[in-house]
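Next come the chains, spelled out residue by residue.
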Amino acid sequence: YVAGLALLSFGAFALSAACVFLGLLLIGVGTGGIKPCVSSFGADQLKYVKSPTGEISPAPSSSSSSMRLYFSAFYFAINVG
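Further remarks concern the overall build of the protein chain. When its secondary structure is counted, the protein chain shows 3 helices and 2 strands. Ordered by position in the sequence, the α and β elements of the protein chain form the string α-α-β-β-α. Along the first, second and third principal axes, the C-alpha atoms of the protein chain reach 55 × 30 × 15 Å. Buried residues in the protein chain amount to 15% of all 81 residues. As displayed, the protein chain has an accessible area near 6100 Å², and 71% of this comes from carbon and sulfur atoms.

In structure tokens form, the structure reads like this:
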């Protein structure tokens, strides 16, 4: 993703159409590889809780409401931009 942005910027200053299109291709591949996984990675953080003693255990059954809140906030943020 970042390499695509760098190549796109270089192509804009060097007036190279090949660099611009290759930069856009790299941005598309980088974005497509990351974005589908973001919501899953965030939801995985809600499956386990850490106790004050440092032990990690499965979250209680009330985590469905926190999961619903997470996805509502996540998709609200995506749609707002």
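Text resumes after the structure shown.
For helix α1 (residues 2-14), with 13 residues, the first-to-last C-alpha span of 18 Å sits near the 18 Å given by 1.5 Å per residue. Looking at the residues trailing α1, positive phi occurs at leucine 15, about 55 degrees.

Right, let's talk about the confidence of the model for the protein chain for a bit. Averaged over the protein chain, the pLDDT score is 79; the fraction of residues at 70 or greater is 90%. Predicted confidence in the protein chain is weakest over strand β2 (residues 56-58), with a mean pLDDT of 70, and strongest over α1, with 84.

Counted by the stated rule, this structure contains 4 aromatic pairs. Ring plane angle 70 degrees and centroid distance 5.1 Å describe the contact between tyrosine 70 and phenylalanine 71, whose orientation is recorded as edge-to-face. An aromatic cluster of at least three residues, connected via ring pairs, comprises Tyr70, Phe71, Phe74 and Tyr75.

Quick notes on the rules
- Within each chain, residue numbers correspond to sequence positions counted from 1 in written order.
- Where local features are concerned, this predicted model is filtered to residues with pLDDT of at least 70; where side-chain atom pairs are given and counted, the filter is 80 or more; whole-chain, interface and lining totals use all residues.
- The basis for the side-chain values is all heavy atoms of the structure; hydrogens and waters are excluded.
- Helical segments are the DSSP runs of H or I of at least four residues, strand segments are the runs of E of at least two, and each set is numbered from the N terminus.
- Remark: exposure states derive from per-residue accessible area (1.4 Å probe, protein chains only) relative to the maximum for the residue type, with buried under 20%, exposed over 50%, and partly exposed in between.
- Accessible areas in this description were obtained via Shrake-Rupley with a 1.4 Å probe; residue shielding takes into account the shown protein chains only.
- Every helix has an expected span of 1.5 Å times one less than the residues it contains.
- What pLDDT reports is the predictor's confidence in each residue, on a scale of 0 through 100.
- Aromatic pairing here means that ring centres of Phe, Tyr or Trp (its six-membered ring) are within 6.5 Å. Orientation follows from the plane angle: under 30 degrees is stacked, over 60 is edge-to-face, and everything else is tilted.

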